[in-house]
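Structure assessment
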Amino acid sequence: MKISLAGSAAILFSFSCVWGMQLKLESPQNTYYEEQQILLNLTILNNSTETESYIIEFLQPRESNWMYIGNLHKLEIEGIPEMANFTNHMPPEPKPHSPETNPEYKPVVLKPDDTYKILIPFFYDYYPVELPKTFKLRLHWHGVYSNTVSFTVLPTKGKKEKTNIIINGEFSQGENGKPYGWKILDDKAQWDSSQHFLLYDVDRRTAENEGYWVYSVFHKIDSPSDYVLSVKTKTSGPIIIIFVEGWGIVNGRRRRIERNKCFYHQPANQTWETQVRNVCFKKSDVKWMRLKLYVYGAPGKVWFSDLSMVPATK
């Protein structure tokens, strides 16, 4: 099926063409904030006179429309040598869906002049870059290059409160339906700007399989260090875990190297409870932390509010 490019609101650039294949890369925005997910649009055009079969690796578990970068396809990022081998796969996350990893893989088949669209998630925050940062990048595939796209990533507008190291832990700051300082991937999580809470509404398939989560942005910390984590939660059924992750630099990339698991057991009666946990980082090479607000086990709703993480007093 031929896919029309008409009506696109993205920033358009010219095609690059080699071997009858054209790659067109687009950024939907000129400017992003650090809590925003960056999904670049790639259009592949078969410009030959023959039907062509292309191997396109998909980034699991979103293999329906997210491209894996790092094997057949490369992102070249201008002026950042440590990102020359950029990949949007981070162990222990799932490996790419490809002929090598899945015997049921089927290549993409394009007739002459047919196009195929796919999204490229750009996880720049896996690398030691300071914001604000302007990125200029292009896609490379077996001698074929796309056009260059350029965009700037700015720090979150969110602010910290007193000794709380978490930006916007009370969920009172944000705009356009999104809270500052929190990475929300889809509409299973909703921010209530008037009552200051984050609400998950999780279906059975999600709850009984991969679960659901929202990440905070990264926060710089010193380590070894101890903290007190406090949060108000309520649930209609799903089990709650907050992962307090410690990240450092491994081979030029940010990697998770330490993790606290904080379980929250409470009745499924939709009643607010404030729970406090002690968390610590023992490894001196931990330089950043982030929170993963995770639920699983049963379908239903979960609420998060008044989340703080402050240095422990001796």
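Here the structure is shown first, and the text comes after it.
This write-up is about the structure you can find in this document. (Residues numbered from 1 in each chain as written. Predicted model: local features only at pLDDT ≥ 70, side-chain atom pairs only at ≥ 80, totals over all residues. Heavy atoms only, no water.)

1. Regarding the packing of aromatic side chains
Two aromatic rings are characterised by how far apart their centres lie and by the angle between their planes. Rule in force here: The pairing test for Phe, Tyr and Trp rings, Trp by its six-membered ring, is centres within 6.5 Å, and the orientation test on the planes gives stacked under 30 degrees, edge-to-face over 60, and tilted for anything in between. Starting at the N terminus, helices and strands are each numbered in turn, a helix being any DSSP run of H or I of at least four residues and a strand any DSSP run of E of at least two. With a 1.4 Å probe rolled over the protein chains alone, any residue whose accessible area is under 20% of its type maximum counts as buried; one over 50% counts as exposed, and the rest are partly exposed.
Scanning all chains against the criterion turns up 21 aromatic pairs. Summarising the aromatic geometry, the rings of Y126 and W247 are spaced 6.1 Å apart at their centres and angled 10 degrees between planes, so their arrangement reads as stacked. Separated by 121 residues along the polypeptide, Y126 in the loop between strand 10 (115-121) and strand 11 (133-141) and W247 in strand 22 (residues 239-250) bring together distant segments of the chain. With respect to burial, Y126 and W247 carry one shared label: buried. On the numbers, 6.3 Å between centres and 55 degrees between planes, the contact of F197 with W272 is tilted.

2. A look at the sheet that holds strand 17 (residues 189-192)
Rules: We treat two strands as partners when DSSP finds at least two bridges between them. Angles run from 0 to 180 degrees between N-to-C directions of axes, and those axes are lines fitted to C-alpha atoms, restricted for helices to the stretch in contact.
With respect to topology, five strands assemble into an open sheet ordered 17-18-26-21-24, the strand pairing being antiparallel. Each of the sheet's edge strands pairs with one partner strand only, and the pair in question is strand 17 and strand 24 (273-281). On average, each strand axis in the sheet is tilted by 30 degrees relative to the strand beside it, whichever way the strands run. Pairing of strand 21 (residues 225-235) with strand 26 (residues 300-311), which is carried by eight bridges, proceeds in the antiparallel orientation. Paired with L229 across the bridge in strand 26 is M309.

These figures come from the coordinates and say nothing about function on their own.
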